[in-house]
Amino acid sequence: MIAILIAILSLAVLGIPIVLAIDRRARGPLLVGTAFLYGSGTMFVVLLTLSIAHIRWTLLSVTIASLLIFCAAFAVRWKAASSEMSSTTPHALDLVTIFTIVCYTLYATLTAVWEWDFWAIWGLKARTFLELGAIDWRFLESRWNTFAHAGYPLLVPLNYDFVALINGGWNDRWLGLLGIASAVALALVARSLAARETTPFFASLLTLIVVSLGFSRFVGLAEGALIAFGGAGVLFVRSALRDGDDVAWRHAALMLGFAANCKNEGFALLAAVTIAIAAISWKALRKLVPAYVLAAPWLILRTVHTLPTDVAEGPATSRLLARLPYTPQILNYLAQQISRPWFWIAIFAGILIAPAALRRREHFVFVVTATQFLFYLLVYLATPYELHWLVLSSWSRLTAQMAVPITFAVFLMLANSLRDAQDAPHAEAGSDQ
Amino acid sequence: LTVRRILTILCLAAIVFLTVATRLLQLPFIDRTEAVRTLVRNPDRAWPDYPIFLEGVREHTSPGDSIAIIVPAMKWDGGYSYAYYRASYFLAGREVLPLITEQDARLMQNFRGAKYVAVFGVGLRTPADVVWRGSRGALLRLRPR
């Protein structure tokens, strides 16, 4: 357990100068939340780079590479211009959030990671790579290992490898804690962003909601990291569009780039965000360049090593066209199988109840969510797998991936509609001054 | 209070309750021993000895070795896929080879090409040296014919 706690702390410390290089104002929840996420993403980049450079992963090689990045980010930080600081105010309700995190931690650490997909995909890759001290391309390319979904991005397995390097060997007993760290990081980011728009009470309540949605019950899979990076990315774009804030754009692009390195759904999210931004402003699209720069290496490596992507296997277009006439039935089946149906009904009700003016401000999040849903529907139409099985095994995870940004937006619409319009913007910042 | 305000309050309350309320919040107050036991047993409930056997195989092989897997269930969806995936995890770093395809076709080239054959829960009538035996199975090295 000590090893994973040291790993989480190390990732957060590695991320601090990176956050400050991007955002000199970052303090409190924003600094801590983004620091862990940047540390996690940077560790993926470090291990990927070492592997490409044929430098074996050891604690020493990884530490040296990380320190180089740490120092470079620190130097950039000192050159950055100073600007105003953002802050948040604690609330008694935060104690409930802390209690919730404790409960989730107990669940994630009941025993060694137990999910089938952990030991057949995410954990398997991490453990295999650890043996070699690098990404084992022979393993990924082997026709016998297609069950391990060789084409999936590697951020999460490489994070597990970092923990194993600190531990001095493979141990899956406490790896569930990385998912907790991701959920907490996302909640801290959400808290910081919510605090700019609403009262401490509502910001605190929203934090409780985000930590609940951000914690994936599928312990050990890449869902938790994807929800955290993807959720933070979309919320930062939302913030950037609201405030015209360049710093938020930078955070958004990097978070979305890391999300694309968690799962293929991260690529889908990046595409959905791109479409949503294009619908608002073509000029703003260039702000997403860092996201594509981060996503590109794995796409290139996957192509070079001809790693299979299951949805694109065989005649995907034929399958899609063959299932297209059954779209109403598929939609009906998705509606039947949705997890937390009353939660989604409440979200849709919230969209309808909210004042039109507030609803218009959230177009970006609505378009992203709708586009994500459309992409998932297309995947279901084109999948080479048996459709009912795929829906049963994936739909609850996919809806969980979409939940954070839209819940954040709907909650703030409703909460702010209850308050006088003059209090709405920057309420918490005002209360601190 | 307008109707919209009442609906807004109800909707906010519903979102909070439906998101936060979960059985996981009971975890600190209940005995978790049974839950842990279930989670530990669940993946290997058919063959509880199988992970112990695979740990033994791991101890007696080296990284890079190729190992074919033989278990009582030699049908892909009848248990072989589980045995193969599970072996891949426990024997990470080795090349684990399946002996049947997803369509249950035999893969004799993997049997002949493997350095070792890990046999669990069944006997194997073929000329082979026993490298290690334990936990209802054996690690065999096939003799050249």
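Scroll up to find the structure.
Rules used in this analysis
- Every chain is numbered independently, its residues counted from 1 as its sequence is written.
- Written order determines the labels here, with chains lettered from A and ligands numbered from 1.
- Where totals are concerned, whole chains, interfaces and linings use all residues; where local detail is concerned, this predicted model gives features only for residues with pLDDT of at least 70, and gives and counts side-chain atom pairs only at 80 or more.
- With hydrogens and water stripped out, all remaining heavy atoms of the structure feed into the side-chain values.
- Should any heavy atoms of two residues lie within 4.5 Å, those residues are counted as being in contact.
- By definition, the buried area sums, over both parts, the 1.4 Å-probe accessible area that each loses when the two are put together.
- Between Lys or Arg on one side and Asp or Glu on the other, a salt bridge is scored when a side-chain nitrogen of the former is within 4 Å of a carboxyl oxygen of the latter.
- Polar contact is the term for a pair of N or O atoms within 3.5 Å; when the atoms are in protein, one must be able to donate a hydrogen and the other to accept it, and sequence-neighboring residues count only if both atoms are side-chain atoms.
- Secondary structure is summarised from DSSP: a helix means a run of H or I of at least four residues, a strand means a run of E of at least two, and numbering begins at the N terminus for each.
- Ten residue types, Ala, Val, Leu, Ile, Met, Phe, Trp, Tyr, Cys and Pro, are classed as nonpolar, four, Asp, Glu, Lys and Arg, as charged, and the remainder, Gly among them, as polar.
- For cavity detection a 1 Å grid was placed over the protein atoms alone, and a set of points counts as a cavity when a 1.4 Å probe fits there but cannot get out; an open set counts as a pocket when protein lies on both sides within 12 Å along at least five of seven lines, with lining residues being those that have an atom within 4 Å of a point.
- Grid points are joined across faces, edges and corners, and a volume is the space filled by probe spheres set on the points.
- Here's how the labels work: a residue is buried when its accessible area is under 20% of the maximum for its type, exposed when over 50%, partly exposed in between, all with a 1.4 Å probe on protein chains only.
- The directions considered for the arc run from the helix axis to the C-beta atoms.
- Axes here mean lines fitted to C-alpha atoms, for a helix over just the part in contact, with angles spanning 0 to 180 degrees between N-to-C directions.
- Oblique is the label for every angle not falling under 35 degrees (roughly parallel), over 145 degrees (roughly antiparallel), or within 65 to 115 degrees (roughly perpendicular).
- Crossing chirality is assigned from the near helix's rotation relative to the far helix, an anticlockwise turn below a right angle marking it left-handed and a clockwise turn marking it right-handed.
- Two distance rules govern patches: like charges are joined within 9 Å, and nonpolar side chains (Val, Leu, Ile, Met, Phe, Trp, Tyr) within 5 Å, applied only to residues with over 30% relative accessible area and no salt bridge.
- Each accessible area is a Shrake-Rupley estimate made with a 1.4 Å probe; only the visible protein chains count as cover when residues are assessed.
- Only buried Ala, Val, Leu, Ile, Met, Phe, Trp, Tyr and Cys residues count toward a nonpolar core, and they belong to the same one when joined by side-chain atoms within 4.5 Å.

For this particular structure, what's the right way to read the interface of chain A and chain B?
Interfaces are often sized by the amount of accessible area the parts lose when they come together. On the chain B side, the residues contacting the 49 residues of chain A number 42 residues. Carbon and sulfur atoms make up 73% of the surface buried where chain A meets chain B, a total of about 4000 Å² over both sides. By the criterion of area lost to chain B, the three top residues of chain A are Trp-119, Arg-127 and Trp-144 of chain A, representing 19% of everything that side buries. The interface formed by chain A and chain B contains 3 salt bridges. Residues Arg-58 of chain B and Glu-131 of chain A are paired through a salt bridge, measuring 2.2 Å at the closest nitrogen-oxygen approach. For the pair chain A and chain B, the interface holds 7 residue pairs in polar contact (both at pLDDT 80 or more). Among the secondary structure elements, those contributing two or more residues to the side of chain A that touches chain B are helix 4 (94-108), helix 5 (116-132), helix 9 (200-214), helix 16 (341-353) and helix 19 (387-417) of chain A. It is helix 5 of chain A that provides the largest number of residues to the side of chain A that touches chain B, a total of 8 residues. Of the residues assigned to the side of chain A that touches chain B, the class counts are 33 nonpolar, 9 polar and 7 charged.

What should I look at first to understand the layout of surface pockets in this one?
Regions of empty space are outlined by a rolling probe, equal in size to a water molecule, passed over the atoms. Counted as a void, the largest pocket has a volume near 1600 Å³. Lining the largest pocket are 43 residues, and of these His-149, Tyr-152, Asp-310, Tyr-385 and Leu-390 of chain A lie nearest its centre. The set of elements that each furnish at least two residues to the lining of the largest pocket consists of helix 5, helix 12 (264-280), helix 18 (363-382) and helix 19 of chain A together with helix 4 (80-90) of chain B. Taken together, the residues that form the lining of the largest pocket break down as 25 nonpolar, 8 polar and 10 charged.

Looking at this model, I keep getting lost on helix 15 (residues 327-337) of chain A. Mind explaining?
All names here are of chain A. Buried within helix 15 are the following residues: Thr-327, Ile-330, Tyr-333 and Leu-334. Projected onto a plane normal to the axis of helix 15, the buried residues spread over an arc of 120° and lie on a single side. What points out from helix 15, more than 90 degrees from its buried face, is the exposed set Pro-328, Ala-335 and Gln-336. If you follow the buried residues of helix 15, they end up packed against helix 14 (316-323), helix 18 and helix 19.

Just to check I follow, could you spell out the packing of helix 5 of chain A against helix 7 (residues 155-167) of chain A for this structure?
In a pair of packed helices, the angle between the axes and the distance between the axes together describe the arrangement. Residues and elements named next belong to chain A. Put simply, helix 5 and helix 7 touch, their axes get as near as 8 Å, and they point 50° apart. The orientation of helix 5 with respect to helix 7, classified from their angle, is oblique. The hand of the helix 5/helix 7 crossing is right-handed. Note on element contacts: helix 7 touches helix 5 through Pro-157, Leu-158, Tyr-160, Asp-161, Ala-164 and Leu-165, opposite Phe-118, Trp-122, Lys-125, Ala-126, Arg-127, Phe-129 and Leu-130. For the contact of helix 5 with helix 7, the residue count by class is 10 nonpolar, no polar and 3 charged.

Which parts of the structure should I look at to understand a nonpolar patch on the surface?
Together, Leu-1, Val-3, Ile-6, Leu-7, Ile-9 and Leu-10 of chain B give the surface a local cluster of nonpolar side chains, amounting to about 610 Å² of exposed area. When you line up the elements, Val-3 of chain B lands in helix 1 (residues 3-20).

When you look at the side chain of Ser-216 of chain A in this model, what are you seeing that I'm missing?
Mapped onto the elements of the fold, Ser-216 of chain A is located in the loop between helix 9 and helix 10 (223-243). A polar atom in the side chain of Ser-216 of chain A sits 3.1 Å from the backbone nitrogen of Phe-218 of chain A.

Would you explain unusual backbone geometry in this entry?
If you check the backbone angles, His-54 of chain A has positive phi at about 60° while not being a glycine. Relative to the helices and strands, His-54 of chain A resides in the loop between helix 2 (28-52) and helix 3 (59-79). Here Arg-136 of chain B, not a glycine, exhibits a phi torsion of approximately 65°, which is positive. Mapped onto the secondary structure, Arg-136 of chain B falls in the loop between strand 4 (128-134) and strand 5 (137-142). Judged by its relative accessible area of 46%, Arg-136 of chain B falls in the partly exposed class.

Looking at this model, I keep getting lost on the environment of Ala-53 of chain A. Mind explaining?
Its place among the elements puts Ala-53 of chain A in the loop between helix 2 and helix 3. Between the C-alpha atom of Ala-53 of chain A and that of Ala-134 of chain A, which follows or precedes it by 81 residues, the distance is 9.8 Å.

Would you mind showing me how to read the environment of Leu-5 of chain A here?
Among the secondary structure elements, Leu-5 of chain A is positioned in helix 1 (residues 2-22). Note on Leu-5 of chain A: relative accessible area 42%, which makes it partly exposed.

Explain the packing of helix 15 of chain A against helix 18 of chain A here, please?
All names here are of chain A. Where helix 15 contacts helix 18, the axes come no closer than 11 Å and their chain directions differ by 115°. Here helix 15 lies roughly perpendicular to helix 18, going by the angle between them. Crossing of helix 15 against helix 18: the hand is right-handed. Residues Thr-327, Ile-330, Leu-331 and Leu-334 of helix 15 form the contact with helix 18, whose own contacting residues are Phe-373, Leu-377, Tyr-380 and Leu-381. Tallied by class, residues from the contact of helix 15 with helix 18 come to 7 nonpolar, 1 polar and no charged.

Explain the pattern of salt bridges here, please?
Opposite charge on two side chains permits pairing when their charged atoms draw close. All names here are of chain A. Summed over all chains, the structure comprises 16 salt bridges over all chains. One salt bridge connects Arg-242 with Glu-197, and the closest N-O pair in it is separated by 3.4 Å. Of this pair, Arg-242 sits in helix 10 while Glu-197 is found in the loop between helix 8 (176-195) and helix 9, placing the two residues 45 residues apart along the sequence. For Arg-242, a relative accessible area of 32% gives the class partly exposed. Classification of Glu-197 by relative accessible area gives buried; the value is 8%.

Help me understand the nonpolar core, please; the structure alone is not making it clear to me.
By size, the foremost hydrophobic cluster in this structure holds 216 residues, and its most contacted members are Val-273 of chain A together with Tyr-50 and Ile-69 of chain B. The dominant element in this core, judged by the number of residues it contributes, is helix 19 of chain A, at 17 residues. Beyond its immediate chain neighbours, meaning those up to four positions away, Val-273 of chain A contacts Val-234, Val-237, Leu-256, Leu-288, Phe-364 and Val-368 of chain A.

It is not clear to me how empty space enclosed by the protein should be interpreted in this structure. Could you clarify?
Residue and element names in this part refer to chain A. Summed over the entire model, instances satisfying the criterion amount to 4 cavities of 30 Å³ or more. In this structure, the largest cavity occupies an estimated 200 Å³ of space. Leu-178, Gly-179, Ser-182, Leu-221 and Ala-225 are, among the 19 residues lining the largest cavity, the residues nearest its centre. Elements represented by at least two residues in the lining of the largest cavity include exactly helix 2, helix 7, helix 8 and helix 10. Residue classes in the lining of the largest cavity are distributed as 11 nonpolar, 8 polar and no charged. There is about 110 Å³ of room inside the second largest cavity. Surrounding the second largest cavity, 13 residues form its lining, Ala-3, Ile-4, Val-163, Asn-167 and Asn-171 being those nearest its centre. Residue assignment for the lining of the second largest cavity shows that the elements contributing at least two residues are helix 1 and helix 7. At 4 residues, the largest contribution of residues to the lining of the second largest cavity is made by helix 7.

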